[in-house]
Amino acid sequence: MEHADLKEKIKATLKEKNGILLAHYYQRDEVQEIADFTGDSLGLSFEAARTKADVIVFAGVHFMAESASILSPEKTVLLPRFDAGCALADTITVEALEKEKKKYPGAAVVTYINSSAAIKAASDICCTSANAVRVVQSLAEKRVLMIPDGNLARYAAKFTDKEIIPWGGACPVHQDLTPAEVLAVKARHPGAKFAAHPECREEVLKLADFVGSTSGIIEYAGKIGDTTLIFGTELGILYQLRTRYPAKTFIPASEKMVCETMKLTTLGDILKALTDMAPAVKVPAAIRVPAKRCLDRMLAVG
Ligand code: 13P
Ligand code: SF4
């Protein structure tokens, strides 16, 4: 089936089932194009928490659909590709976290939303790349275990006098971007500013004029007077940048920054999931209740 036909069928089925399609900024262009709401991890969480729809179709990765189901347990949350995982979320297990907690008694556990529901359930508060510093600052504890992304933890540590203990996880898509690659692109576009995602390594962030979440980078691209911007994050963001600011030029710091699992979901998968009402993501109450506390605490911070 052609893209146009698939899109029409998806829209009609969403209407019939009182559904909503949420898509992350790293999704394929055609998926972002028909989504009812596109956003970064924080924006998508807010949307999942407040939607009146009965069915949420999540074009993203597993932890995102899980978070939507935790926040709206009465709704059906569909993840069209059940195999869409997150390599960063997979860098920590509950057993490893419990061991770490024993090493630092009394420390608060801040978990990046890119983590499993079980990890959230064993943590004190969630954060995303958009609110990590605010979340850390909101805590009474002086000592904070920040899991699972070490780069985000080290970045947040620069803006607080709290003692941050980073976990050693990383997102391979962002971790693989090297300072040499950034410098080479900068040399080809002299004077262009460089905006990077905090999942990039510290040496890359040092080269950045702006560090922020995907929505932060999009906002920054609109605000600056410059017509060219180099960006260090997954290439899916280009759809938003080009659509919103057609007169500007956007240069990826590396063409290799593609998250394979974010790109799995096709229009065909979305239509199939809506037709079958499967695969659905459901979190058992024993994990959902403490995980929701962790997410709600973050949403209250904003
Ligand atoms: P944000 O959506 O918070 O920018 O995070 C990017 C990401 O890696 C999501 O998987
Ligand atoms: Fe996970 Fe990185 Fe892909 Fe985001 S870009 S889903 S953090 S592997």
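Definitions and limits used
- Residues numbered from 1 in each chain as written.
- Chains lettered and ligands numbered in written order.
- Predicted model: local features only at pLDDT ≥ 70, side-chain atom pairs only at ≥ 80, totals over all residues.
- Heavy atoms only, no water.
- Helix = DSSP H or I, 4+ residues; strand = E, 2+ residues; numbered from the N terminus.
- Rg over C-alpha atoms; globule rule 2.2 N^0.38 Å.
- Buried < 20%, exposed > 50% of the residue type's maximum accessible area, 1.4 Å probe, protein only.
- Contact = heavy atoms within 4.5 Å.
- Areas by Shrake-Rupley, 256 points an atom, 1.4 Å probe, with all protein chains shown as cover.
- Lys, Arg positive; Asp, Glu negative; His and termini not counted.
- Charge placed at Lys NZ, Arg CZ, Asp CG, Glu CD.
- Near = heavy atom within 4 Å.
- Polar contact = N/O pair within 3.5 Å; in protein donor to acceptor, adjacent residues only side chain to side chain.
- 1 Å grid on protein atoms, 1.4 Å probe; cavity = no way out; pocket = protein on both sides within 12 Å on 5 of 7 lines; lining within 4 Å.
- Sits in = over half its atoms within 2 Å of the grid points.
- Nonpolar A, V, L, I, M, F, W, Y, C, P; charged D, E, K, R; others polar.
- Salt bridge = Lys/Arg side-chain N within 4 Å of Asp/Glu carboxyl O.
- Pairing = 2+ DSSP bridges.
- Axes fitted to C-alpha atoms, helices over the stretch in contact; angles between N-to-C directions.
- Points joined across faces, edges and corners; volume = space filled by probe spheres on them.

**Comments concerning the overall build of the chain**
When helices and strands are counted, the chain shows 15 helices and 12 strands. Here the chain has a C-alpha radius of gyration of 19 Å; the compact-globule value for 302 residues is 19 Å, and the two agree. If you line up the chain on its principal axes, its C-alpha atoms span 50 × 50 × 30 Å. Counting every position in the chain, which comprises 302 residues, the buried fraction comes to 55%. Partitioning the intrachain contacts of the chain with sequence separation of at least 6 by distance along the chain shows that 63% fall at a separation of at least 24. Accessible surface for the chain amounts to roughly 12600 Å². Of this, 53% is attributable to carbon and sulfur atoms. Side-chain charges of the chain comprise 38 positive and 37 negative groups, with the mean position of each set lying 4 Å from the other.

**Looking at helix α14 (residues 267-276)**
Listing the buried residues of α14 in full gives L267, D269, I270, L271, A273 and L274. Against the buried residues of α14 lie α1 (3-16), β1 (19-24), α2 (29-34), β3 (55-59) and β4 (76-78). Where α14 terminates, the next one or two residues include M277, which has phi positive at roughly 55°.

**Looking at the site of ligand 1**
In the vicinity of ligand 1 there are 13 residues, among which H24, S41, S129, H197 and T214 approach most closely. Taking S41, its main chain carries an N or O atom lying 2.9 Å from an oxygen atom of ligand 1. One of the side-chain nitrogen or oxygen atoms of T214 is found 2.9 Å away from an oxygen atom of ligand 1. Contact with the protein chains hides 96% of the accessible area of ligand 1, taken as 300 Å² for the molecule alone. A molecule is said to occupy a pocket when more than half its atoms come within 2 Å of that pocket's grid points, and by this definition ligand 1 occupies the largest pocket. Of the residues in the shell around ligand 1, the class split is 4 nonpolar, 7 polar and 2 charged.

**Digging into the pattern of salt bridges**
Inspection of every chain in the model, using the stated rule, returns 18 salt bridges. Between R81 and D83 there is a salt bridge, with its nearest N and O atoms 2.8 Å apart. In this structure R81 comes out as partly exposed when scored by relative accessible area, which is 23%. On the accessibility criterion, D83 (45% relative accessible area) is partly exposed. With its nearest N and O atoms 3.7 Å apart, the salt bridge here joins K223 to E219. In this pair, K223 and E219 both sit in helix α12 (residues 214-223), 4 residues apart, roughly one turn of the helix. Among the residues examined, K223 registers a relative accessible area of 63% and is labelled exposed. Residues joined by salt bridges that share partners form a network here, namely R81, D83 and D269.

**Quick notes on the sheet that holds strand β11 (residues 228-232)**
Paired through backbone hydrogen bonds, the strands of a sheet run either parallel or antiparallel to each other. Overall, parallel pairing links the 4 strands, which are arranged β10-β9-β11-β12 in an open sheet. Because the sheet does not close on itself, it has two edges, and the strands there are β10 (210-211) and β12 (249-252). Examined bridge by bridge, β11 and β12 share 4 bridges and lie parallel to one another. Its bridge partner lying in β12, L229 is registered against F250. Strands in contact with α12 are β9 (193-196), β10, β11 and β12; relative to β9, the strand with the most contacts, it is inclined by about 160°.

**With respect to the site of ligand 2**
Around ligand 2, a shell composed of Y26, V61, C86, A87, L88, N114, C171, E199, C259 and M262 is seen. Spatially, ligand 2 is embedded in the largest pocket.

**Things to note about the sheet that holds β4**
Strand order in the open sheet formed by 4 strands is β2-β1-β3-β4, with parallel pairing between adjacent strands. Edge strands, defined here as strands with exactly one partner in the open sheet, are β2 (37-39) and β4. On average, each strand axis in the sheet is inclined to that of its neighbour by 20°, with strand direction left out of account. Summarising the sheet, β1 and β2 pair through 3 bridges and their orientation is parallel. Bridge pairing in β2 links H24 to G39.

**Observations regarding empty space enclosed by the protein**
One pass over the structure, following the stated rule, counts 1 cavity of 30 Å³ or more. Of the volumes computed, that of the largest cavity is approximately 50 Å³. For the largest cavity, the full set of lining residues is S41, L44, S45, A48, F58, F63, M64, S67, A68 and I113. Mapped onto the lining of the largest cavity, the elements with two or more residues apiece are α3 (41-50) and α4 (62-71). Residue composition of the lining of the largest cavity, grouped by class: 7 nonpolar, 3 polar and no charged.

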